Amino acid sequence: MSISHAPPYPSDAAGTAELSASPTLQRLVPASSRRTRLPRWLRRTTGPLALLVLWQVLSATGALAPDVLASPGRIAQVAGDLIADGSLPSAMGISLRRVAAGLLLGTVTGTGLALVSGLFRIGEDVVDAPVQMLRTVPFVGLIPLFIIWFGIGETPKIAIITLGVTFPLYLNVYAGIRGVDSQLIEAGESLGLSRWGLVRHVVLPGALPGALTGLRYSLGIAWLALVFAEQVNADSGIGFLMVQARDFLRTDVIVVCLIVYAFLGLLADFIVRSLERLLLRWRPTFTGR
């Protein structure tokens, strides 16, 4: 008796039919890439440009009086005049030197206090309470006291900026140090790292994101402190131009100075964000969708 075996594989015709009936594969495209193809820089400038157009329209129609707020065209003309006579570049240079000096001193002071308080328990007991007490004192209210102590020169202005920079940096660096995972410390100790090795290779890299965040906050407060410092017994700087413009009711000059403050602050924030991208490449983060 002969036994016939069915072929283990389908015939060529059947196989071709099955392949043709199988679903076709399609490449999946992330939802974020299916959105608008407009460049990001164009999307980021849409809001400011729309606000500028609205401002110009209100000024041209008379809804916004010139003595209340000058038009964008008038402000651009005044800015050109201030640049041409050299008063605005000179004031910017003086203000930048003050901010740089106050930022440097405040960074050294705030970071040093945070390291002492964050790395050592006895340092926390000695340093943290006085810093928290001083942090609640409005630094603007100390301007008369600083004038009495340091006179009316550059020292009180730099001291105000230093004080404004110190506390945000202290809080963020301290929080970054104390926020380091204790398991990482234990892993470093099991690998034989010394105390300095732990600080260098574990604690400081772990605290770096908080330190850079504190630096961004400190830069914003530095420009705010500069505005107050330069409007009290100042004879130079952007704040001095604003005081003169206030006395002569020049809203166009005041707006020019405010725009300069804003752009300098934006430039400083851009520098810090660039440092974040450079120094924190090891940390994957969510960048939005």
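Placed above this text is the structure.
Residues numbered from 1 in each chain as written. Predicted model: local features only at pLDDT ≥ 70, side-chain atom pairs only at ≥ 80, totals over all residues. Heavy atoms only, no water.

Colleague: Would you take a moment to explain the overall build of the chain for this structure?
Modeller: Within the chain, the secondary structure is distributed over 11 helices and 0 strands. When the helices and strands of the chain are placed in sequence order, the string is α-α-α-α-α-α-α-α-α-α-α. The buried share among the 289 residues of the chain stands at 33%. Counting only contacts in the chain whose residues sit at least 6 apart along the sequence, the fraction spanning at least 24 positions is 71%. For the chain, the exposed area adds up to about 18,900 Å²; of that, 67% sits on carbon and sulfur atoms. (Helix = DSSP H or I, 4+ residues; strand = E, 2+ residues; numbered from the N terminus. Buried < 20%, exposed > 50% of the residue type's maximum accessible area, 1.4 Å probe, protein only. Contact = heavy atoms within 4.5 Å. Areas by Shrake-Rupley, 256 points an atom, 1.4 Å probe, with all protein chains shown as cover.)

Colleague: Honestly, empty space enclosed by the protein in this entry has me stumped. Any pointers?
Modeller: A water-sized probe, rolled over the atoms, reveals where empty space remains. Under the counting rule described, the total for this entry stands at 1 cavity of 30 Å³ or more. Here the largest cavity defines a volume of roughly 80 Å³. Taken together, I143, I147, G151, I152, P156, K157, I160, A229, V232 and N233 make up the full set of residues lining the largest cavity. Elements with a minimum of two residues in the lining of the largest cavity: helix 6 (143-150) and helix 7 (154-178). Take the lining of the largest cavity: its biggest share by element is 3 residues, from helix 7. (1 Å grid on protein atoms, 1.4 Å probe; cavity = no way out; pocket = protein on both sides within 12 Å on 5 of 7 lines; lining within 4 Å. Points joined across faces, edges and corners; volume = space filled by probe spheres on them.)

Colleague: What is the right way to read the side chain of D252 from this model?
Modeller: The topology assignment puts D252 in helix 11 (residues 251-279). Not counting the four nearest positions on each side in its chain, D252 is found in contact with A70, R74, I75 and V78.

Colleague: How do you make sense of the packing of helix 4 (residues 87-119) against helix 9 (residues 195-230) when you look at a structure like this?
Modeller: Packed helices, taken two at a time, are described by their axes: the angle between them and the distance between them. At a minimum axis separation of 8 Å, helix 4 and helix 9 run at an interaxial angle of 145°. The interaxial crossing formed by helix 4 with helix 9 has right-handed handedness. Two secondary-structure elements touch here, helix 4 through S95, L96, R98, V99, L103, T107, L115 and L119 and helix 9 through R195, V199, V203, L204, L215, L219, A222, W223, L226 and E230. Residues belonging to the contact of helix 4 with helix 9 are distributed by class as follows: 13 nonpolar, 2 polar and 3 charged. (Axes fitted to C-alpha atoms, helices over the stretch in contact; angles between N-to-C directions. Left-handed = near helix turned anticlockwise from the far one by under 90°. Nonpolar A, V, L, I, M, F, W, Y, C, P; charged D, E, K, R; others polar.)

Colleague: How do you make sense of the nonpolar core when you look at a structure like this?
Modeller: Generally speaking, soluble globular proteins have nonpolar side chains that are buried together. Ranked by size, the top nonpolar core spans 50 residues in total, and within it I161, W223, I238 and V256 carry the most contacts. Elements with a minimum of two residues in this core: helix 3 (72-84), helix 4, helix 5 (121-135), helix 6, helix 7, helix 9, helix 10 (238-247) and helix 11. The dominant element in this core, judged by the number of residues it contributes, is helix 7, at 10 residues. (Core = buried A, V, L, I, M, F, W, Y, C linked by side-chain atoms within 4.5 Å.)

Such coordinate-based values are descriptive only and should not be taken to indicate function.
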